[in-house]
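Chain by chain, the residues run as shown.
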Amino acid sequence: MLAAFRMSALMAVPQRTVLMVGDCREYGSPCRDRIREAGFRVVEGVGDDVLDQVVRRRPDLLAVALSPDADDAHTRIRAVRDDSRTSDTPILLLASGQNHRSTELALDAGADDYLTLPFEAREFRLRADRIIRTRRAQETARRVQARLRREIDNLTLLHQFYEQILTGDPETACRQSVETAARLTNSGRASMLLVDSQAHEMRFGHAVGIDPAVWQECRVPLSSPVAGRVMATRRELVVNGNTAWPRRDGYQHGQFISVPLVCGDPAEGNVLGVLNVTDHRDGLDYQPQDVLALTRLARAAAFAIDAVRTRRQLEATRDSIIFSLAKLSDYRHPSTGKHLERVRELSVALARQLARDPRVSPRIDGQFLSDLRRAAPLHDIGKVAVPDRILLKQGRLTETESAVMRDHTTIGAATLQSVTPDGQNDSFLKMAVEIAHYHHERYDGSGYPCGLAGDRIPLSARIVCLADSYDAIRTAREYKAARTHAEAAREVRSGCGTQFDPLVVEAFFSLEDQFERIYNNLMEDRAGRRRVAETPRSEPALA
């Protein structure tokens, strides 16, 4: 009964194969018999190309019989060890006691162990089992290490992605998501499709490995066989070389992964679009760990894109409210017309010109221009706190009234500072505070409120100072008539180095025609309100 149980247990275990090569003339038949008695199936190698036979047969063990005069077995063993397809093959030497040198060379070349001929079946089984277990354990350890290294690399990429993605705009978030997806999955192509709810279609947020001229203009219907299916089911779609997949609508990629971009609960959250990867760089099928990594990335990307969109909407609402507050002073002072809009456009034009000047350009980038466009209109927001009797007074201001008027710089800066989120470095609000506080400083240090001079005055404030002054010179007020561009240009030139930064003045004269065009395009016809006051106010033009 026990013997029958043992026999059935042995029969249940797949028989392992030994590929036997080398010189088997003397001990060939006894070796084969002992190996079979040990429970292995013996396959005899034919010819000298051992590597080719190992590649084709994939044995559990390579047994190399050494003859007394064998002198090249070690080269064949080295070839097996050096080939990535066979490097983990267990190798056992069968050596007579007379060929010590050949045995040493073979062991140095990569053989795992040796048996001295002749040997018993039990001895072969114990030695072969140990070698096979050791090699399999080493291979398992290498696979685990490789998987851990890849997982660590993926987690590092995801960590970097998490750190970067919330700091930019939606376009940057899409680009970082797609680039990270390609790196995570070692893919030649990656893309993100986002739903355009108004057009009832999908548009590319970004893509790599695809001609920008193609994806930037491409539109994908919500019923598409890949993206549409993934969005409808809220589940990933994985297609590999052996996957039964009807390649409809000309979709010819052999391998791809498409995962949904779901914000929040996978079952109920808002589906923003899909994230795709195709064309594995190694030509391999995508593995479950690729799907897992892409799914993690898609969840983070969906959250980040939604958060960035929400933040942009909140910022736009905040900016609109702040701008509306700034317009209050204009509504109280109707003769200024579109003063804030003109100062904004004139300031941006100056900054763009200064960006071409190597003495200034390192300080002016895309973020600077974006912040300036939003911040420049807020330069006089502090005038909301100036009483009407002073703000609208047509005669000369008293010293006390002038002091109240000058306080609009510090009041404006404090107001904007109060809406800056605690602990956050909002570059737009930081610039808005600088402009509101310092746009009445003069380059020679005789301005207010701090008497700063030269480069101690923030660049943004120096730019707005000239744009604001130009507009004030050109615009008719209750106490003065409008003046021409030529007259304003003369005033600017006379203030070079005293009121204005010479570099900013230089930029102004490089784009005089553009300045005049901007002013004229935004000038409102208020001829019925223009009149010259009998008693001019102090510092009317450059206030």
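A few points on the structure. Bear in mind that the values here come from a model prediction, so they are computed numbers and not experimental data. For every chain, the first residue of the written sequence is number 1, and numbering continues from 1 along that sequence. Only residues with pLDDT of at least 70 are given local features in this predicted model, and only at 80 or more are side-chain atom pairs given and counted; all residues enter the totals for whole chains, interfaces and linings. Only hydrogens and water are set aside when side-chain values are computed; all heavy atoms of the structure are taken into account.

Digging into the packing of helix α11 (residues 339-354) against helix α19 (residues 502-510)
When two helices pack together, their arrangement is given by the angle between the helix axes and the distance between those axes. Our working rule: Only the contacting stretch of a helix is used when fitting its axis, a line to C-alpha atoms as for every element, and angles between N-to-C directions run 0 to 180 degrees. Secondary structure is summarised from DSSP: a helix means a run of H or I of at least four residues, a strand means a run of E of at least two, and numbering begins at the N terminus for each. For classification, angles of less than 35 degrees are called roughly parallel, those exceeding 145 degrees roughly antiparallel, those between 65 and 115 degrees roughly perpendicular, and all remaining angles oblique. Pairs of residues are marked as contacts when any of their non-hydrogen atoms sit within 4.5 Å. Side-chain classes follow a simple rule in which Ala, Val, Leu, Ile, Met, Phe, Trp, Tyr, Cys and Pro form the nonpolar group, Asp, Glu, Lys and Arg form the charged group, and the remainder, Gly included, forms the polar group.
Orientation of α11 relative to α19, taken along the N-to-C sense of each, is 100°, at an axis distance of 9 Å. Judged on the interaxial angle alone, α19 and α11 are roughly perpendicular. Contacts between α11 and α19 involve Leu350, Gln353 and Leu354 on the former and, on the latter, Leu503, Val504, Ala507, Phe508 and Ser510. A class-by-class count of the residues in the contact of α11 with α19 yields six nonpolar, two polar and no charged.

As for the sheet that holds strand β5 (residues 113-116)
Two pairing modes exist for strands in a sheet, parallel and antiparallel, and in both the strands are linked by backbone hydrogen bonds. Test applied: Whether two strands pair comes down to DSSP finding at least two bridges between them.
The five strands lie next to each other as β2-β1-β3-β4-β5, forming an open sheet whose pairing is parallel. Looking at which strands have only one partner, the edges of the open sheet turn out to be β2 (40-44) and β5. With direction set aside, neighbouring strand axes in the sheet form an average angle of 25°. Two elements, strand β4 (residues 91-95) and β5, share four bridges in a ladder whose sense is parallel. Along β5, the bridge assignment pairs leucine 92 with aspartate 113.

Focus: the pairing of β4
What counts here: Here's how the labels work: a residue is buried when its accessible area is under 20% of the maximum for its type, exposed when over 50%, partly exposed in between, all with a 1.4 Å probe on protein chains only. Clockwise travel from the first strand over the helix to the second, with the strands pointing away from the viewer, marks a crossover as right-handed.
With five of five residues buried, β4 lies mostly within the body of the structure. Of the two faces of β4, both are covered, the one formed by Ile91, Leu93 and Ala95 as well as the one formed by Leu92 and Leu94. With five bridges joining them, strand β3 (residues 61-66) and β4 adopt parallel strand pairing. Looking at the pairing, leucine 66 lines up with alanine 95 of β4. In this fold, β4 hands off to helix α5 (residues 100-109), which returns the chain to β5; that crossover is right-handed.

What to know about the packing of aromatic side chains
Threshold: Centres within 6.5 Å are what make two rings of Phe, Tyr or Trp a pair, Trp counting through its six-membered ring; a difference in plane orientation under 30 degrees is then read as stacked, over 60 as edge-to-face, and the rest as tilted.
Scanning all chains against the criterion turns up eight aromatic pairs. Taking 6.4 Å as the distance between ring centres and 55° as the angle between the ring planes, the aromatic pair formed by phenylalanine 204 and tryptophan 215 counts as tilted. Of this pair, phenylalanine 204 sits in strand β7 (residues 201-208) while tryptophan 215 sits in helix α8 (residues 212-215), placing them 11 residues apart in sequence. Both residues of the pair, phenylalanine 204 and tryptophan 215, belong to the buried class. Between phenylalanine 508 and phenylalanine 509, the aromatic rings sit 4.9 Å apart at their centres with planes inclined by 80°, giving edge-to-face as the arrangement. By relative accessible area, phenylalanine 508 is classed as buried at 0%. An aromatic cluster is defined as three or more aromatic residues linked by ring pairs; in this entry it consists of Tyr470, Phe508, Phe509, Phe515 and Tyr519.

As for the side chain of arginine 342
In plain terms, the rule: N or O atoms closer than or at 3.5 Å make up a polar contact, with two conditions inside protein: a donor-capable atom paired with an acceptor-capable one, and, for residues adjacent in sequence, both atoms drawn from side chains.
Tracing the chain through its elements places arginine 342 in helix α11. When its relative accessible area of 2% is taken as the criterion, arginine 342 is described as buried. Of the polar contacts made by the side chain of arginine 342, one reaches the side chain of aspartate 471; its length is 2.4 Å.

Section: unusual backbone geometry
Note the cis peptide between leucine 117 and proline 118, where omega equals -10°. The phi angle at asparagine 186 is positive, at roughly 55°, despite the residue not being glycine. Along the chain, asparagine 186 turns up in the loop between α7 (170-185) and β6 (187-196). The residue arginine 234 is not glycine, and still its phi comes out positive at about 60°. The topology assignment puts arginine 234 in the loop between α9 (227-233) and β9 (237-239).

With respect to the environment of alanine 432
Topologically, alanine 432 is positioned in helix α16 (residues 427-438). Residues alanine 432 and leucine 378, 54 residues apart in the sequence, show an inter-C-alpha distance of 6.5 Å. Each residue touching alanine 432, except ones within four places of it in the same chain, is listed here: Ala375, Leu378 and Leu416.

Here we look at α7
This is how the line gets drawn: To estimate how far a helix should reach, multiply one less than its number of residues by 1.5 Å.
Look at α7: 23 Å from first C-alpha to last across 16 residues, which is about the 22 Å you get at 1.5 Å a residue. Of all the positions in α7, only Pro170, Ala173, Cys174, Gln176, Ser177, Val178, Thr180, Ala181, Ala182, Leu184 and Thr185 are classed as buried. Asparagine 186 sits one or two positions beyond α7 and adopts a positive phi of about 55°.

What to know about the pairing of strand β11 (residues 270-280)
Counting buried positions along β11 gives nine out of 11 residues, so the element sits mostly inside the fold. The sheet contact formed by β6 and β11 spans seven bridges and is antiparallel. Paired with leucine 193 across the bridge in β11 is valine 274. In terms of strand pairing, strand β10 (residues 256-263) meets β11 through eight bridges, oriented antiparallel. Opposite leucine 261, over in β11, you have glycine 273 as the bridge partner. What sits between the antiparallel neighbours β10 and β11 is a turn of six residues, in which glycine 264 has the positive phi angle 95°.

Some remarks on the side chain of glutamine 499
Counting through the fold element by element, glutamine 499 comes out in the loop between α18 (485-494) and α19. Classification of glutamine 499 as buried rests on a relative accessible area of 7%. A distance of 3.4 Å separates polar atoms of two side chains, one belonging to glutamine 499 and the other to serine 469.

Side note on the nonpolar core
As a reminder, the rule being used: In this text, buried Ala, Val, Leu, Ile, Met, Phe, Trp, Tyr and Cys residues form a nonpolar core when linked through side-chain atoms within 4.5 Å.
Ranked by size, the top nonpolar core spans 48 residues in total, and within it Leu350, Leu372, Ile463 and Leu466 carry the most contacts. Every residue in contact with leucine 466, bar those within four places of it in the chain, is listed here: Leu350, Val492, Phe500, Val504, Val505, Phe508 and Phe515.

With respect to the packing of helix α17 (residues 459-474) against α18
The test is simple: In a left-handed crossing the near helix is turned counterclockwise from the far helix by less than a right angle, and in a right-handed crossing that turn is clockwise.
As a packed pair, α17 and α18 sit with axes 9 Å apart at the nearest point and diverge in direction by 140°. The orientation of α17 relative to α18 falls into the category oblique. Here the hand of the crossing between α17 and α18 comes out right-handed. Mapping the contact onto sequence places Leu466, Tyr470, Ile473 and Arg474 in α17 and His485, Ala488, Glu491 and Val492 in α18. Tallied by class, residues from the contact of α17 with α18 come to five nonpolar, one polar and two charged.

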